[in-house]
Amino acid sequence: MADEHEKDLVEILEENHPIDINKYTNYVHSPQCSAIATFFGNTRDTFDGKTVIELRYEAYVPMAIRCLKSICSSARSMWDINAIAVAHRLGPVSVGETSVFVAISSVHRADALDACKFVIDEIKASVPIWKKEVYSNGEVWKENTEFLERRSENGTIRACCKPKVKVEDDEAVKNGCCRPKVKVEDAGNA
């Protein structure tokens, strides 16, 4: 359909900038497409019986943008997609607010739905955005289960830019442009 990067909108929003769902949905809308698949990642009010006050996100923005664009490119290589829009907030995100949003349009619904699931799963597994859950009685940095599952598969982590990161004794050695969400030691020190 469109030129690969012509219809990709990827944004990391600074603190106190809510996601404008209409902006991203309108961006992917096209008269030639019958489907727009969306994913809203919202802050819920409880986790494991604890009352959640808010989530706080931090990112290495240049690398996160690069990884998000790579994920969009990968999705385009697997499905017939017209447009992709991805937005992720940084800073505090209160209960009920959206922290991540994905919208994908395509001629057929199957492509949009499958690509949307792929994109959000890849974001959670490989993009350098970190989440802290703030509870009524404390706070903790969280690792996404998608990242942990990927880490345990065959001792490798598939980074968003497709190179492999080999895991040895819980230490990772960087072999690509996007670091995994684990402690990374310089290859010269490993």
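To start, this report covers the structure provided alongside it.

Rules used throughout
Residues numbered from 1 in each chain as written. Predicted model: local features only at pLDDT ≥ 70, side-chain atom pairs only at ≥ 80, totals over all residues. Heavy atoms only, no water. Helix = DSSP H or I, 4+ residues; strand = E, 2+ residues; numbered from the N terminus. Expected span 1.5 Å × (residues − 1). Buried < 20%, exposed > 50% of the residue type's maximum accessible area, 1.4 Å probe, protein only. Axes fitted to C-alpha atoms, helices over the stretch in contact; angles between N-to-C directions. Left-handed = near helix turned anticlockwise from the far one by under 90°. Contact = heavy atoms within 4.5 Å. Nonpolar A, V, L, I, M, F, W, Y, C, P; charged D, E, K, R; others polar. Polar contact = N/O pair within 3.5 Å; in protein donor to acceptor, adjacent residues only side chain to side chain. Salt bridge = Lys/Arg side-chain N within 4 Å of Asp/Glu carboxyl O.

**Concerning helix α3 (residues 109-126)**
The end-to-end C-alpha separation of α3 is 26 Å, in line with the 26 Å expected for 18 residues at 1.5 Å each. Taken together, the buried positions of α3 are occupied by D111, A112, A115, C116, F118, V119, I120, E122, I123, A125 and S126.

**Considering the packing of helix α2 (residues 61-78) against α3**
For the pair α2 and α3, the least separation of the axes is 10 Å and the interaxial angle reads 145°. When the axes of α2 and α3 are compared, the crossing they make is right-handed. On α3, the residues that touch C67, L68, I71, S74, A75 and M78 of α2 are F118, V119, E122, I123 and S126. When its residues are assigned to classes, the contact of α2 with α3 shows eight nonpolar, two polar and one charged.

**A few points about the environment of D121**
Relative to the helices and strands, D121 is located in helix α3. Separated by 24 residues in the primary sequence, D121 and T145 place their C-alpha atoms 10.0 Å from one another. Within the structure, D121 has its side chain in polar contact with the side chain of K117 (distance 2.6 Å).

**Regarding the pattern of salt bridges**
According to the stated counting rule, one finds eight salt bridges in the structure shown. E11 is the partner of K23 in a salt bridge, and the nearest nitrogen-oxygen pair spans 3.0 Å. Taken as a pair, K23 in helix α1 (residues 21-28) and E11 in strand β1 (residues 8-13) lie far apart in primary sequence, 12 residues in all. We note a salt bridge from K132 to E139, for which the minimum N-O separation is 3.1 Å. A network of salt bridges, in which partner residues are shared, links E54, R56, K132 and E139.

**Here we look at unusual backbone geometry**
You will see that N16, though not glycine, has its phi angle at about 65°, which is positive. By secondary structure assignment, the location of N16 is in the loop between β1 and α1. Even without a glycine there, the phi angle at D48 is positive, about 50°. With respect to the secondary-structure elements, D48 resides in the loop between β3 (46-47) and β4 (50-59). You can call D48 exposed: its relative accessible area is 64%.

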